[in-house]
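Tertiary structure, described
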Amino acid sequence: MSTKEEYDCIVIGAGVQGSFTAYQLAKNNQKTLLLEQFVLPHTRGSSHGQTRIIRKAYEQDFYTHMMEECYELWAQLEREASVKLYRQTGLLVMGPENSQSYQLFKSTLQRNKVPMVTLTRDNFSQHIPHVNLAEGDGAVVDITAGILYADRALKTVQGQFQKLGGIIRDKEKVMDIKPGPIVTVSSSAGVYQAKSVVITAGPWANKLLTHTDLQLPLEVVKINVCYWKEKVPGSYNVKQRFPCFLLTEGEESKEHIYGLPSNEYPGLVKICYHMGSKTDPDQRDKQTDRSDIDILQRYISRCLPGLLPEPAVVESCMYTLTPDRHFVLDHHPSYSNIVIGAGFSGHGFKFGPIIGKLLCELSLGQVPSYDLSPFRIRRFQAKTKSAL
Ligand SMILES: Cc1cc2nc3c(=O)[nH]c(=O)nc-3n(C[C@H](O)[C@H](O)[C@H](O)COP(=O)(O)OP(=O)(O)OC[C@H]3O[C@@H](n4cnc5c(N)ncnc54)[C@H](O)[C@@H]3O)c2cc1C
Ligand SMILES: O=C(O)[C@@H]1CCCCN1
């Protein structure tokens, strides 16, 4: 029988969260193995694509607080690897002035003294051309917000992890996890042992957790990532200082609509609906519902007159949603040396560096740097069930 390779920690899943966790563990001198089921890089999970929004504008203070340090960690990685991962654009938040959601965004920015600008109906079009502010809507700009170059970020953090001596094995699907004081992980290509394991499997989290007798209340949805063509090329371009934007829940739509300036595909603006239809992550492309695109078309026709209201490109991505849309960052309830990072609910990318730090702290048995009560598994209570 072949000998089992031994590690301090094995991280399962090389998306943004697993890659940053592995990097933090290696920085803490842990002999770390990062396992990924697909050949890297791939487009089958949640972390692919050129861009993501980074922002401090949130409805809850705890996210804004975490982002303070997180911006520094992104900048640190940029310096360490001599790459540019962040571009400041600002984030325009629009929503019904009298709605709870819009007011929460605005007050969180104010309370936390985040650099911001409040736009009035009179000066709105002077600052934000080619956008119609809906009747009754207010508008504020989170100046600190911008774009993260997602694919580049993933490649960078994985590269830094390897430079620190970390090992990545891609095209190795984890097939079994045997909990114990030493955890045994069997993949399609080998058997490994480690003092601790971190599960960051994105949409596949529950499939992996079955091996540990746990199921979380997670729902996987497919997101249609839509790009819309500018009628006049350049009008919504990042170089013209067009910002990222987010529409809070209101009459316009039940969920956020959000967009990023044209950048990665010349002449095309990425605008998506913050919800999709249920899917099995292994059957993603069988989900063909396009009702979200209808909602986007209506909004674009009404409020973004410089875009053709027909998507020019539609790509796919997945969200793994928790019932309250907050993350899961916790120890396994039965096995303290198995740590879980899951349920990033479509807004986890920007937090990658801080999530890596927190999951590393949990796996080393340290006191986490932030209050993790919003992210604990026990909040689900009755919804957490035994897998067997
Ligand atoms: C369209 C879209 C737009 C978004 N926009 C933003 C945004 O603007 N800002 C923001 O902050 N966030 C955004 N997000 C959310 C963010 O991208 C996700 O929260 C984040 O990428 C989740 O990362 P993850 O590492 O948990 O999952 P994933 O990236 O899916 O990584 C999990 C990995 O685990 C691997 N894996 C699973 N099972 C196994 C196994 N058995 N063995 C080995 N490997 C396995 C998978 O192959 C995968 O690579 C967006 C997401 C989408 C889809
Ligand atoms: O995390 C974000 O910033 C984006 C925009 C808003 C909806 C979720 N995804």
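Residues numbered from 1 in each chain as written. Chains lettered and ligands numbered in written order. Predicted model: local features only at pLDDT ≥ 70, side-chain atom pairs only at ≥ 80, totals over all residues. Heavy atoms only, no water.

Regarding the site of ligand 2
Around ligand 2, the structure places Ile53, Arg55, Leu246, Tyr258, His274, Gly346, His347 and Lys350. Separating a nitrogen atom of ligand 2 from a backbone N or O atom of Gly346 is a distance of 3.0 Å. At 2.6 Å, a side-chain N or O of Lys350 approaches an oxygen atom of ligand 2. Contact with the protein chains covers 94% of the free accessible surface of ligand 2, which is 260 Å². Broken down by class, the residue content of the shell around ligand 2 amounts to 3 nonpolar, 3 polar and 2 charged. (Near = heavy atom within 4 Å. Polar contact = N/O pair within 3.5 Å; in protein donor to acceptor, adjacent residues only side chain to side chain. Areas by Shrake-Rupley, 256 points an atom, 1.4 Å probe, with all protein chains shown as cover. Nonpolar A, V, L, I, M, F, W, Y, C, P; charged D, E, K, R; others polar.)

Examining the environment of Ile377
Turning to its location among the elements, Ile377 is positioned in the segment after helix 8 (352-363). Judged by its relative accessible area of 4%, Ile377 falls in the buried class. Spatially, the C-alpha atoms of Ile377 and Gly136 are 39 Å apart, while their sequence positions differ by 241 residues. (Helix = DSSP H or I, 4+ residues; strand = E, 2+ residues; numbered from the N terminus. Buried < 20%, exposed > 50% of the residue type's maximum accessible area, 1.4 Å probe, protein only.)

With respect to the domain arrangement of the chain
Here the chain is described as being made up of domain 1 (5-47 + 151-218 + 324-383) and domain 2 (91-143 + 219-321). Measuring from the centre of the C-alpha atoms in domain 1 to the corresponding centre in domain 2 gives 30 Å. Taken together, the contact between domain 1 and domain 2 spans 15 residues of the former and 13 residues of the latter. Interface area for domain 1 against domain 2, summed over the two sides, is near 1300 Å², with a carbon-plus-sulfur share of 46%. Sorting the residues of domain 1 by area buried against domain 2 places Pro203, Leu218 and Arg325 first, and these three jointly supply 35% of that buried surface. Our count for the domain 1 to domain 2 interface comes out at 2 salt bridges. A salt bridge links Asp280 to Lys207; its shortest N-O distance comes to 3.2 Å. At the boundary of domain 1 and domain 2, one finds 7 residue pairs in polar contact (both at pLDDT 80 or more). Class assignment of the residues belonging to the side of domain 1 that touches domain 2 gives a composition of 5 nonpolar, 7 polar and 3 charged. (Domains from an automatic or database assignment. Contact = heavy atoms within 4.5 Å. Buried area = accessible area lost by both parts, 1.4 Å probe. Salt bridge = Lys/Arg side-chain N within 4 Å of Asp/Glu carboxyl O.)

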